[in-house]
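Chain residues, written in single-letter form:
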Amino acid sequence: MSALSFENINKLYWLGRYSERVFTSLKAFAEKFDAMLSYGSHESRAEFAQRICFDKSDQSSIYSGLLKAYDNAIVLRDEIGSETFSYVQLALYEMSRAEKAVAPLLHLQKVIDNIVAFWGMADDIIEDERVRGIIKLGKRIERIDLFARMGAPENDIRREVRRMSYRIAKTGVRYEPEKLSEINSMANESVINRPEFINKLEALIEI
Amino acid sequence: MPIQLKELCRRADDVNELLARYGVKFGIYKGGKFHEQLFPFDMIPRIIDASDFAYLERGLKQRVKALNEFIKDIYSERKIIRDGVIAEEFIYSGSGYLVQCDGLAPPKNIYTHISGIDLVQGKDQSWYILEDNLRIPSGASYPMMARNLCRRSAPEIFEQYAIADNRNYPEILLRTMNYVNTGGLSVILTPGRFNAAYFEHSYFAEKTGAHLVTCDELVVENEHLYFTDYSGKREKVGAVYRRISDEYLDPVNFNRESLIGIAHIFDVYARGNLAIINAPGNGVADDKGIYYFVPAMIKYYLGEEPILQNAPTYLPYYEQDMQYVLENFDKLVLKDVAEAGGYGVLFGSKLSRTEKENFIALLKSEPRRFIAQEVIDFLDIDIYDNDKLVPRKADLRAFVLMSDEPVVWKSGLTRFSRNPDSFIVNSSQGGGFKDTWVMEA
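As the structure is a computational prediction, the values presented were derived from the model and not from experiment.

How each quantity is defined
- Residues numbered from 1 in each chain as written.
- Chains lettered and ligands numbered in written order.
- Predicted model: local features only at pLDDT ≥ 70, side-chain atom pairs only at ≥ 80, totals over all residues.
- Heavy atoms only, no water.
- Core = buried A, V, L, I, M, F, W, Y, C linked by side-chain atoms within 4.5 Å.
- Buried < 20%, exposed > 50% of the residue type's maximum accessible area, 1.4 Å probe, protein only.
- Helix = DSSP H or I, 4+ residues; strand = E, 2+ residues; numbered from the N terminus.
- Contact = heavy atoms within 4.5 Å.
- Axes fitted to C-alpha atoms, helices over the stretch in contact; angles between N-to-C directions.
- Parallel < 35°, antiparallel > 145°, perpendicular 65-115°, else oblique.
- Nonpolar A, V, L, I, M, F, W, Y, C, P; charged D, E, K, R; others polar.
- Buried area = accessible area lost by both parts, 1.4 Å probe.
- Salt bridge = Lys/Arg side-chain N within 4 Å of Asp/Glu carboxyl O.
- 1 Å grid on protein atoms, 1.4 Å probe; cavity = no way out; pocket = protein on both sides within 12 Å on 5 of 7 lines; lining within 4 Å.
- Points joined across faces, edges and corners; volume = space filled by probe spheres on them.
- Pairing = 2+ DSSP bridges.
- Lys, Arg positive; Asp, Glu negative; His and termini not counted.
- Polar contact = N/O pair within 3.5 Å; in protein donor to acceptor, adjacent residues only side chain to side chain.
- Domains from an automatic or database assignment.

1. Digging into the nonpolar core
Next up, step 1: A:Ile80, A:Phe197, B:Leu60 and B:Tyr169 are the most contacted members of the largest nonpolar core, which totals 141 residues.
Next up, step 2: Of the residues forming this core, the biggest block, 11 residues, is contributed by helix H1 (residues 6-39) of chain A.
Next up, step 3: Those residues in contact with A:Ile80 that sit more than four places away from it in its chain are A:Leu12, A:Leu15, A:Ala73, A:Phe85, A:Phe118, A:Ile125, A:Ile126, A:Val131 and A:Ile135.
Next up, step 4: Counting 50 residues, the second-largest nonpolar core is a separate cluster that includes B:Tyr97, B:Phe266, B:Ile276 and B:Phe293.

What follows is the structure, encoded as structure tokens:
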């Protein structure tokens, strides 16, 4: 197990977070896009796709999230390997094709597929357990955060908190165990106080 | 050799797509903005047969040994100047000479760990050396990566012919780093993501297992260099393959405005506690003006006749050469010794009358700044362009890595001009690349 610098831990963590952000956001986007076919909307599908998905000038668009995942991946080739990196590159390529496509969901599915392949390859090929673990930790924290913000059922959040709690101790990343306990307690309340829960979650990791 | 060119070319799009997939790119600044570009790859390789390569190998080893001796001499006894082989103006007025290196010897006396020697082959099949790149030569990663993908796309060719495997470059590089390592980690120091050759830095780190680091991750303490990990633990570094030029390497000893260097790293090197690859101060030998003297260096240090020849070169600094240059201006190519990457190159025949007059005035006022060379009618190599084969100018960058002995990598970066009227092959000016196949005997 080789030494990991602070910078690389930070980048691995955010690579995990941004890849998850793209994945979960795209799935939500696809559902909404499909619903528009039946129920209509105040904006056209093209406007909706541009605003949520393709607007690179908006830092919170899905495309921007993917570019940030790429920015982290490209400087981690020595940690994650060219094979693993290539799936982020492929996801970006499919995103650029989706942007120009008449039926963007077809290409966006390939973005999702490549993100999943990236995770699979990372899990399979990266020898250093910490490197794998930090990407997964980023992914878990982002998923909890998104679920809490997007109104996912309490049970889904609880499940993700359990998975994250199991993962965190294995990574060597600094965190406060008391904060983790508080997050677990909050997740197990019948109704989660989501704004407070998100604040605690975002303060958990010291990176 | 009847290589099935059509088979290769048929799969060109697939291979270029794979190169894109693996992020085989180079960076370029246009209008002050950074762009990542794919390096256009042509499937048709340059093929060098075994006997031709054996000849190149002997010549390249000889040249690199002499250049290493020259740098050692310049920063110690300066016998070559005392003996009148090279005028001292050519040493001290060049930007590559570093006074800070005087009296210092690198680990194992190796300065030229990685040399990128640019050659062209004339239409008469003779090879000519065009340039010696002894600072931070780049480009080996591209043919290596391309080879990997071509083997996938045309397995029958690699099965049928004995082509030397070029994917051993990282092994040779690691051996070079380990040989001079003073005890500790070997790291690759990159200026960062927005460097033109960042792909190569990260790819070599991946393939050698060396840490890819930026200046923020290294610190000097107690006359040693350390890598600091996340927990604050420090590990000693014994070899730095730096992809940062001398002037930005250490803001205390060189350019004070450098934000990408490491304060006092040069002091660690000066104490003998660190190998820096390539050694600081090597620029003194890859100056285009010094190139003129390399055949004389070979005779002087090794007592041998040069195996490989320079392109016919003139130094306007010498009156006789200046006269020749002025009389034959239109058939010469003129190069600014301070420039690189295909910049600062002028073809006499392509200048307007005013441009020519202005340039000659500049040449007379700064004769040390330029060299002139005969334009070599180099052998064209076919590239596959829009479903047909077209000839283009191409050079070859051969890589020589030094450990206990110099090793010539059995491949090289063949760069070609995509413009039919141009001799400039550099990637920064739109050139593409080919793999270089060295045939086994």
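2. Some thoughts on the packing of helix H8 (residues 169-180) of chain B against helix H9 (residues 198-208) of chain B
Residue and element names in this part refer to chain B.
Next up, step 1: Between H8 and H9, the shortest axis-to-axis distance is 9 Å and the interhelical angle comes to 80°. On the basis of the axis angle, H8 is roughly perpendicular to H9. Of the residues in H9, those touching H8 at Tyr 169, Pro 170, Leu 173, Leu 174 and Met 177 are Phe 204, Lys 207 and Thr 208.
Next up, step 2: Within the contact of H8 with H9, the residues separate by chemical class into six nonpolar, one polar and one charged.

3. Side note on the interface of chain A and chain B
Next up, step 1: In this complex, chain A contributes 26 residues to the contact, which on the side of chain B involves 25 residues.
Next up, step 2: When the two sides are added together, the surface that chain A and chain B hide from each other amounts to roughly 2,100 Å², 49% of it contributed by carbon and sulfur.
Next up, step 3: The largest contributions to the chain A side of the interface with chain B come from A:Ala3, A:Arg77 and A:Asp78, which together make up 26% of the buried area.
Next up, step 4: Summed over the shared surface of chain A and chain B, the number is two salt bridges.

4. Overview of empty space enclosed by the protein
Next up, step 1: Going through the model one piece at a time under the given rule, you end up with five cavities of 30 Å³ or more.
Next up, step 2: A volume near 90 Å³ is recorded for the largest cavity.
Next up, step 3: As for the largest cavity, its lining consists of 14 residues, and the residues nearest its centre are A:Ile74, B:Lys25, B:Glu36, B:Tyr198 and B:Phe199.
Next up, step 4: Broken down by secondary-structure element, the contributors of at least two residues to the lining of the largest cavity are strand S1 (25-30), strand S2 (33-38) and H9 of chain B.
Next up, step 5: Considering only residue class, the lining of the largest cavity consists of six nonpolar, four polar and four charged.

5. Description of the pairing of S1(B)
Residues and elements named next belong to chain B.
Next up, step 1: Examined bridge by bridge, S1 and S2 share six bridges and lie antiparallel to one another. Counted as the bridge partner of Gly 27 is Glu 36 from S2.
Next up, step 2: The hairpin formed by S1 and S2 contains two residues between the paired strands, and Gly 31 there has a positive phi angle of roughly 55°.

6. Focus: the side chain of A:Asp78
Next up, step 1: Mapped onto the fold, A:Asp78 is located in helix H4 (residues 77-80).
Next up, step 2: Lacking a salt bridge, the buried A:Asp78 has A:Arg77 as its closest oppositely charged neighbour, with an N-O distance of 7.9 Å.
Next up, step 3: Polar contacts involving the side chain of A:Asp78 include one to the main-chain amide nitrogen of B:Leu212, which spans 3.3 Å.
Next up, step 4: Contacts of A:Asp78, omitting those with residues within four sequence positions, involve B:Ser202, B:Ala205, B:Glu206, B:His211 and B:Leu212.

7. Comments concerning the domain arrangement of chain B
In many analyses, interface size is given as the accessible surface area lost on bringing the parts together.
Residue and element names in this part refer to chain B.
Next up, step 1: Each assigned domain of chain B is listed here: domain 1 (3-305 + 378-438) and domain 2 (312-374).
Next up, step 2: A straight line from the C-alpha centre of domain 1 to that of domain 2 covers 27 Å.
Next up, step 3: Counting residues at the interface gives 18 residues for domain 1, matched by 20 residues for domain 2.
Next up, step 4: Summed over both partners, the interface of domain 1 with domain 2 comes to about 1,600 Å²; 55% of that surface belongs to carbon and sulfur atoms.
Next up, step 5: The salt bridge partner of Asp 287 is Arg 368, with a shortest N-O separation of 3.3 Å.
Next up, step 6: Inspection of the region where domain 1 meets domain 2 yields three residue pairs in polar contact (both at pLDDT 80 or more).

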